[in-house]
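# Topology and contacts: notes
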Amino acid sequence: MKILENRTFSQLEVGDEAQLTRLCTVDDLYAFASASGDHNPLHLAAYDGDGDGRPEAVAPALWPAGLVAAVLGNILPGAGTQTRRADLSFHVPVLAGDELTAFVTVAEKLEDGDLICTTEVHRVGDNILVLSGSVQVTPPAQHMQFDSVEVPGLVVQRHRHFDALLEKARPLDPMPTAVVAPEDANSLGGALLGHANNIITPILVGNRGKIEAAAAELGADLTGIEIVEAASHGVAAHKAVDLVVEGKAETLMKGYLHTDELLHAVLRREKGLRTGRRLSHVFVMDVPGMSRPIMVTDAAVNIAPDLETKADIVQNAIHLAHSIGIETPKVGVLSAVETINPHMPSSVDAALLSKMAERGQITGGLVDGPLAMDNAVDLNAARTKGITSEVGGAADILVAPNIEAGNMVAKQLTFISHAEAAGIVLGAAAPIILTSRSDDDASRLVSCAVAALHANATKGKIHG
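A brief look at the structure comes next. (Residues numbered from 1 in each chain as written. Predicted model: local features only at pLDDT ≥ 70, side-chain atom pairs only at ≥ 80, totals over all residues. Heavy atoms only, no water.)

## Here we look at the overall build of the chain
Within the chain, the regular secondary structure consists of 13 helices and 16 strands. The principal-axis extents of the C-alpha atoms in the chain amount to approximately 95 × 60 × 35 Å. Within the chain, contacts between residues separated by at least 24 positions form 70% of all contacts whose residues are at least 6 apart in sequence. As presented, the chain carries roughly 21,900 Å² of accessible surface, and 51% of it is formed by carbon and sulfur atoms. (Helix = DSSP H or I, 4+ residues; strand = E, 2+ residues; numbered from the N terminus. Contact = heavy atoms within 4.5 Å. Areas by Shrake-Rupley, 256 points an atom, 1.4 Å probe, with all protein chains shown as cover.)

## Here's the deal with the pattern of salt bridges
When the charged atoms of two side chains with opposite charge come close together, those side chains can pair. Counted according to the given criterion, the structure contains 14 salt bridges. Of the charged contacts, one joins R54 and D52 as a salt bridge, the two residues approaching to 3.2 Å between their closest N and O atoms. A relative accessible area of 37% means that D52 is categorised as partly exposed. As a salt-bridge pair, K385 and E338 come within 3.6 Å of each other at their nearest N and O atoms. Here K385, found in the loop between α11 (379-384) and β14 (397-399), pairs with E338, found in the loop between β12 (330-334) and α9 (345-358); they are 47 residues apart in sequence, far enough to count as distant. Given the relative accessible area of 41%, K385 is considered partly exposed. (Salt bridge = Lys/Arg side-chain N within 4 Å of Asp/Glu carboxyl O. Buried < 20%, exposed > 50% of the residue type's maximum accessible area, 1.4 Å probe, protein only.)

## What to know about the packing of helix α4 (residues 185-196) against helix α5 (residues 208-218)
Packing of α4 against α5 brings their axes to within 9 Å, and their N-to-C directions diverge by 75 degrees. Comparing their axes, α5 and α4 come out roughly perpendicular. Contacts from A185, L188, G189 and L192 of α4 reach α5 at I211, A214, A215, E217 and L218. For the contact of α4 with α5, the class distribution of residues is 7 nonpolar, 1 polar and 1 charged. (Axes fitted to C-alpha atoms, helices over the stretch in contact; angles between N-to-C directions. Parallel < 35°, antiparallel > 145°, perpendicular 65-115°, else oblique. Nonpolar A, V, L, I, M, F, W, Y, C, P; charged D, E, K, R; others polar.)

## A word on the sheet that holds β12
Whether parallel or antiparallel, the strands of a sheet pair through hydrogen bonds between backbone atoms. Within the open sheet, the 11 strands sit side by side as β8-β7-β6-β9-β16-β15-β10-β11-β14-β12-β13. Their pairing is mixed. The open sheet has two edge strands with one neighbour each: β8 (226-229) and β13 (366-371). Here strand β7 (residues 200-206) pairs with β8 via 4 bridges, running parallel. Within the sheet, the bridge partner assigned to G206 lies in β8 and is E229. Helix-sheet contacts for α5 involve β7 and β8, and the interaxial angle to β7 is about 130 degrees. (Pairing = 2+ DSSP bridges.)

Structural data, given as structure tokens:
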């Protein structure tokens, strides 16, 4: 916040006043809970804190009181002010989404050099009184002026984009899902989590004894869940694909088997799930602090894709972006530079993919490249490099030059930037939920939700 200058006792007069307006957001309430240690669920948007059947996100009383402190410390009297006593009354609750204005007026100058200030906080729009009272403060002893005050940035580690995807998927009918070899607690747990949230209806395909042992380890009840016996992982993969071909399942979910075994069955020539397009993997990532979900492709299937394969990778990702609600996805094709270098094949491929999109060979999104990582996701970086592009600084989809780069980008976002990642494979006649043993519950659940949204959006279509 920019602070112009403070005012000492002698510079202040009775009747001087100042005000400040601020929007109360859900993230503000999480930050307040983290800083204060007040974890009352009434104040947090994810919980029903009073048992009335809906989450509240009611601001703690000290949040609007903090706006009064902001006026006192930043404006009137300003920097150096110390609060001695406060007598405040709270009239109506403040909810996330409310915009408030705090008013402070100098009411009295005391002989000892302190000030008595009256204060009110009103809700913007209807002018409802939220808070009123008085505060005794000691104004600064020295007159000072500041151009600005640097405060470290704060990112609330909350995954609101994943919350939105789950809300979008929940009204859909549960998606019949063939779960291949869910023979350990992790893979079975992910399927059961999707089932418990009414997003998928799992059909468990594998060794019944091992599946039941995994359920016992989880303390889970498999009553009412279909189990299809399969003697081996290879057999389980083929039986699961049969279920999709026969219309009994709409998607596949990888369990405790190698990805290659599953994809071998998917790509079989007789009654497989081929579509004429290359399979590719897409991570849908919720990065705290980002205004949008970020998609990363391909980080798991194609090791060193050629130009034709990259075109399919881009098209698959665009289709998925449409399915999760991004109408015109912006695709940034990554390289180490933002200019074409004939000695750097990834930069040449990126430029060709961009031109292919211009000529209608890739459809449904805006494609630009080459872009380095910084100017793909950060508008200031793009402007600094002089990049004029609808994609630069605003990419929804990041296309990596190869599997190593894609995997590194996704893992760095996950383990350094605290992102959650949902992963599915596209390009087949049905989406494939591809989770990792290191994935947590949120990643597994949202992977199911993303697959359900895509299956629902592409029913009757071939592009997987």
